Amino acid sequence: MTKNKTDVEFDSDVGYPYHLQPDIIKMALFIHNAKDDTEKMERVEFGLSKFDYKFMAHVMAMLMLPYLMEQGMKSNDYKDYMEQKHKKFN
C-alpha cells in the first residue's frame, strides 16, 4: 500500500514527546475511568507498582490538567486578557 503525504502511522511515524506517549495517556484514562475514588487510588497504586516515578508523574499531570486549566481561567490575569482581546476584536 502506498502512503500519500497525509497518511500517518502514529505508532511509527510520529516522534512522541515523553509526556504524550500513548502509554501515559492510556494509564491516565485507566485511572480517570474508575468507578469511584477508592478504585482510582487502587489504580494509581497499580501504576506505581508497574511504572517508574517519571512515568506516573506525567500520568498524574495529565489527570490534573483540566483542574489547572479551570483555575487558570478563573484568574484575574486571564479574565483581563480575555476582556482586552474581546475589546480589540469588537
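Just above, that's the structure.
Report on the accompanying structure. (Residues numbered from 1 in each chain as written. Predicted model: local features only at pLDDT ≥ 70, side-chain atom pairs only at ≥ 80, totals over all residues. Heavy atoms only, no water.)

**Focus on the nonpolar core**
Reasoning step 1: Grouped together as the largest cluster of nonpolar side chains are eight residues: Ile24, Met27, Ala28, Ile31, Val44, Phe55, Met56 and Val59.
Reasoning step 2: Taken together, the elements giving at least two residues each to this core come down to α2 (22-32) and α4 (53-74).
Reasoning step 3: Take this core: its biggest share by element is four residues, from α2. (Core = buried A, V, L, I, M, F, W, Y, C linked by side-chain atoms within 4.5 Å. Buried < 20%, exposed > 50% of the residue type's maximum accessible area, 1.4 Å probe, protein only. Helix = DSSP H or I, 4+ residues; strand = E, 2+ residues; numbered from the N terminus.)

**Describing the side chain of Glu39**
Reasoning step 1: Tracing the backbone through its elements, the reader meets Glu39 in helix α3 (residues 37-50).
Reasoning step 2: Looking at Glu39, the relative accessible area reads 16%, which means it is buried.
Reasoning step 3: Of the polar contacts made by the side chain of Glu39, one reaches the side chain of Arg43; its length is 2.5 Å. (Polar contact = N/O pair within 3.5 Å; in protein donor to acceptor, adjacent residues only side chain to side chain.)

**Let's talk about the packing of α2 against α4**
Reasoning step 1: At a minimum axis distance of 9 Å, the contact between α2 and α4 shows a crossing angle of 60°. Considering the angle they form, α2 stands oblique to α4. The handedness of the crossing between α2 and α4 is right-handed. Every residue of α4 that contacts α2 at Asp23, Ile24, Ile25, Met27, Ala28, Ile31 and His32 is listed here: Phe55, Met56, His58, Val59, Met62 and Leu63.
Reasoning step 2: Within the contact of α2 with α4, the residues separate by chemical class into 10 nonpolar, two polar and one charged. (Axes fitted to C-alpha atoms, helices over the stretch in contact; angles between N-to-C directions. Parallel < 35°, antiparallel > 145°, perpendicular 65-115°, else oblique. Left-handed = near helix turned anticlockwise from the far one by under 90°. Contact = heavy atoms within 4.5 Å. Nonpolar A, V, L, I, M, F, W, Y, C, P; charged D, E, K, R; others polar.)

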